[in-house]
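Chain by chain, the residues:
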Amino acid sequence: MLCGELEVVFEQEGLTPLSPEARQHLSECNACKHYFDDVTGIVALASGFPAEVEPPERVWISIREELQRENLFRPKHREAKSWWQSFEELFWTRGLATAAVAGMLVIAAFSAFQEPRTPVLEARDDPFSSTVKVLNQQEHDLDNMRLASTTGDPAVDTSLRQNLQQVDEFIADCEHRVKEVPSDDLTREYLTNAYQQKAELLSAMMDRGGSLN
Amino acid sequence: MNLSTVLTGRNILPVLAAGFFLMPCTPADAAPQRLEKHFAVKGRPVVVIRNIGNGRIEVKSWKNSEVVVTGTKASDKIAVDTEQAGDRIDVTSSVVDSSANPAEMQANFQLIVPEETELQLKTQTGLIYVEQVTGDMTLDSVAGDVHLNEVSGYIIVTTTGGSLVCSQCAGRLEFSSISGNAQVLQPALNNVKLRTMTGNILFDGDFVRTGLYSMRSGKGLVEVRFSGSDSFDLNAQTATGTVDNQAAEYLKPDSHGARHLASKFSKSLFGTVGAGFAKVELSSYSGTIRILKRD
């Protein structure tokens, strides 16, 4: 079995159970073994994310009021919801958003390791762009939640915010390096881990905001 | 002089003044309250503490088949519930009044458990301290530190900003943090996985034969101090940081003939100390990796 054939097996049949041919190839090919371990690790991490929890009603009220105040949203009365609106509401739940980040990371990992990289800078799609988008959306949601949350230990909130800032700085640093040296696998690994940590941190902050209401 | 005489005229002022100064400064429900519970157990108990408020959790062991939970809570605005189901003991603190300020949300716990006990402890800002307990443990904290002394088992520590100090620990250790430091001192651990984004890592102790040790910090210092009798293969890599090898005389080329392909985009150091029985992987994105022999 060749590396390309193994990728097709992963895409079509999943990571387990693996055929004897695939297992044989993994035992002989370090690159595929490394790739397989990475994806398996990400999937395992994703399965550990908290179950979907609906935020309290007051959070939505607060967000709605803030959007209305900034003239970004006008309430529609007695209007049937489109399928897209229903889907959008579903996606707003943080559990699903967190799972989405994990899913994006899996896709990003596929993209990052699938094609052989050349040591020169090349114009290609950023495999992490979807992940970044979802994380930014989560961060935006968190800002709105803070408007609704007034209680809690400031020391804990401060610590969480400071750590989020450190994660953002680290991500910016790694992203800059990856743009300069696209073939730096070590930096890519750190960047992937940083995205995961940011997703977990945002999830913890949202849970904390929700539990205080 | 009767009471009506005291409470009239100029005599009333000193009485009121005295009463004012004797008046308690905090409401009655803000006074610290103590609790103590005893739970008889048969086998190896599982103790779960979820401290939603803030506070310290201290766990020590004894030879009795009994779990003793003592604690203090700062006010009635926080509730502490305990539950026993067989050998599982749950202790949960929760905020019952959302107007509670941080000082009123504090709950501290001291536990005495059998030597072989599994622990799942979670708090926000207080210290988690565990001493002389054998068993798997999962310890979570946001900003509080975690201190472990003479514990063994499969130990998983997760913090956001809190640091870990693990002295004379044995078994398997996993630590994950964003800005917390990790210090592992005089361990007998055969599997170690330490991850921090901006914190520092210090491993000062022996590497067990056939042990696996992986330590990585994004921006911090990763320092390993080994002894002359240690035996391990070393793989150290950093993307933009530095590798400070202060043990060049002990570090020989890999004796197992394994090929190490160093990336041209990172700084790497490969080698073997002794016969290379254990495996040590050190990594940093932009920090320093330091390897030195203990005096």
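Residue indices begin from 1 for each chain and proceed along its sequence in written order. Throughout, the order in which chains and ligands are written sets their labels, letters from A for the former and numbers from 1 for the latter. Only residues with pLDDT of at least 70 are given local features in this predicted model, and only at 80 or more are side-chain atom pairs given and counted; all residues enter the totals for whole chains, interfaces and linings.

1. Structural notes on the overall build of chain A
Only DSSP runs of H or I reaching four residues or more are called helices, and only runs of E reaching two or more are called strands; each is numbered from the N terminus. Within chain A one finds nine helices and zero strands. When the helices and strands of chain A are listed from N to C terminus, the series reads α-α-α-α-α-α-α-α-α. When burial is assessed residue by residue, chain A has 30% of its 213 residues classed as buried. Contacts in chain A between residues far apart in sequence, at least 24 positions, make up 78% of those at least 6 positions apart. Put plainly, a residue is buried at 20 or more neighbouring C-beta atoms within 10 Å of its own, exposed at 12 or fewer, and partly exposed in between, counting only other residues' C-beta atoms, which are placed from the backbone. Whether two residues are in contact is decided by their C-beta atoms, placed from the backbone, lying within 7 Å.

2. Brief notes about the pairing of strand β5 (residues 78-85) of chain B
Walk down a regular strand and you will see the side chains alternate between the two sheet faces. Residues and elements named next belong to chain B. The sheet contact formed by β5 and strand β6 (residues 88-95) spans eight bridges and is antiparallel. Note on β6: the bridge partner recorded for E83 is D90. Strands pair, by our definition, only if DSSP identifies at least two bridges between them. Connecting β5 to the antiparallel partner β6 that follows it, the hairpin turn spans two residues, and G86 within it adopts a positive phi of roughly 65°.

3. Thoughts on the confidence of the model for chain A
Residues and elements named next belong to chain A. Scored between 0 and 100, pLDDT is the confidence that the predictor attaches to each residue. Confidence in the prediction for chain A averages 70 pLDDT; 57% of positions are at 70 or higher. The element-level mean pLDDT for chain A is lowest in helix α5 (residues 83-92), coming to 45, with helix α8 (residues 154-180) highest at 91. In the model, residues 77-91 has pLDDT below 50 throughout and makes four contacts with residues more than four positions away in sequence or in other chains. In the predicted structure, residues 115-124 sits below a pLDDT of 50 and forms five contacts with residues beyond four places in sequence or in another chain.

4. Looking at the pairing of strand β12 (residues 152-159) of chain B
Residues and elements named next belong to chain B. In terms of strand pairing, strand β10 (residues 137-141) meets β12 through five bridges, oriented parallel. Its bridge partner being in β12, S141 is matched across the sheet by T159. Here β12 runs beside strand β14 (residues 170-177); their pairing, made up of seven bridges, is parallel. Bridge pairing links I155 to L173 in β14.

5. Quick notes on the sheet that holds strand β4 (residues 66-73) of chain B
Residues and elements named next belong to chain B. In spatial order, the strands read β1-β4-β7-β3-β9-β11-β13-β15-β17-β19-β24-β21; together these twelve strands make up an open sheet with mixed pairing. Unpaired on one side and paired on the other, β1 (33-40) and β21 (242-245) mark the two borders of the sheet. Mean inter-strand twist for the sheet, computed between neighbouring axes without regard to direction, equals 10°. Convention adopted: a line fitted to C-alpha atoms gives each axis, helices being fitted over their contacting stretch, and angles between N-to-C directions are expressed from 0 to 180 degrees.

6. Some words on α8 of chain A
A helix is expected to reach a length of 1.5 Å times the quantity of its residues less one. Taking 1.5 Å of rise per residue, 27 residues should cover 39 Å, and α8 of chain A covers 39 Å from first to last C-alpha, within 8% of that figure. What α8 of chain A keeps buried is the set V156, S159, L160, N163, L164, Q166, V167, F170, I171, C174 and R177 of chain A.

7. Brief notes about the environment of T238 of chain B
Residue and element names in this part refer to chain B. By the element assignment, T238 lies in strand β20 (residues 232-238). Each C-alpha atom of the pair T238 and L282 lies 8.5 Å from the other, and the pair is 44 residues apart in sequence. For T238, the contacting residues outside a window of four places in its chain are V243, S266, K267, S283, S284 and I289.

8. Thoughts on the interface of chain A and chain B
Each partner contributes to the interface: chain A provides 24 residues, whereas chain B provides 23 residues. The dominant element in the side of chain A that touches chain B, judged by the number of residues it contributes, is α8 of chain A, at eleven residues. Three classes are used, and their members are as follows: Ala, Val, Leu, Ile, Met, Phe, Trp, Tyr, Cys and Pro are nonpolar, Asp, Glu, Lys and Arg are charged, and the others, Gly among them, are polar. Looking at the side of chain A that touches chain B, its residues break down into 13 nonpolar, seven polar and four charged.

9. With respect to the sheet that holds strand β8 (residues 118-123) of chain B
Residues and elements named next belong to chain B. Across the sheet, which stays open at both edges, the twelve strands sit in the order β5-β6-β2-β8-β10-β12-β14-β16-β18-β23-β20-β22 with mixed pairing between neighbours. In the strand order of this sheet, the two ends are held by β5 and β22 (267-273), each with one partner. Each adjacent strand pair in this sheet contributes to an overall mean axis angle of 10°, direction not counted. Examined bridge by bridge, β8 and β10 share five bridges and lie parallel to one another. Bridging across to β10, Q120 finds its partner in T138.

10. Structural notes on the environment of E11 of chain A
All names here are of chain A. Within the fold, E11 resides in helix α1 (residues 3-13). With 10 C-beta atoms packed within 10 Å, E11 lands in the exposed category. Along the sequence, E11 and N163 sit 152 residues apart, while their C-alpha atoms lie 36 Å from each other.

11. Re the nonpolar core
Working definition: the nonpolar core is a set of buried Ala, Val, Leu, Ile, Met, Phe, Trp, Tyr and Cys residues, joined through C-beta atoms within 7 Å. Grouped together as the largest cluster of nonpolar side chains are 60 residues, with contacts concentrated most on V130, L173 and V280 of chain B. With four residues, strand β7 (residues 107-114) of chain B is the largest single contributor of residues to this core. In this structure, V280 of chain B is in contact with F207, Y213, V224, F232, D233 and L234 of chain B, ignoring residues within four places of it in sequence. If you look at the next biggest cluster of nonpolar residues, it comprises 27 residues, including L160, L201 and M205 of chain A together with A143 of chain B.

12. Points about unusual backbone geometry
Excluding glycine, most residues fall at negative phi; most peptide bonds, likewise, are trans. All names here are of chain B. Phi at E150 takes a positive value of approximately 55°, unusual for a residue other than glycine. Of the residues examined, E150 has 16 C-beta atoms within 10 Å and is grouped as partly exposed. The backbone of T210 shows a phi angle near 65°, a positive value even though the residue is not glycine.

13. Some details on the confidence of the model for chain B
The predicted coordinates of low-pLDDT regions are not to be read in fine detail. Residue and element names in this part refer to chain B. Looking at chain B, pLDDT values average 87 and 87% of them are 70 or higher. For residues 1-29, every residue scores under 50 in pLDDT, and the model assigns this stretch six contacts once sequence neighbours within four places are set aside. Two summary scores accompany this predicted model of the complex, namely pTM at 0.70 and ipTM at 0.81.

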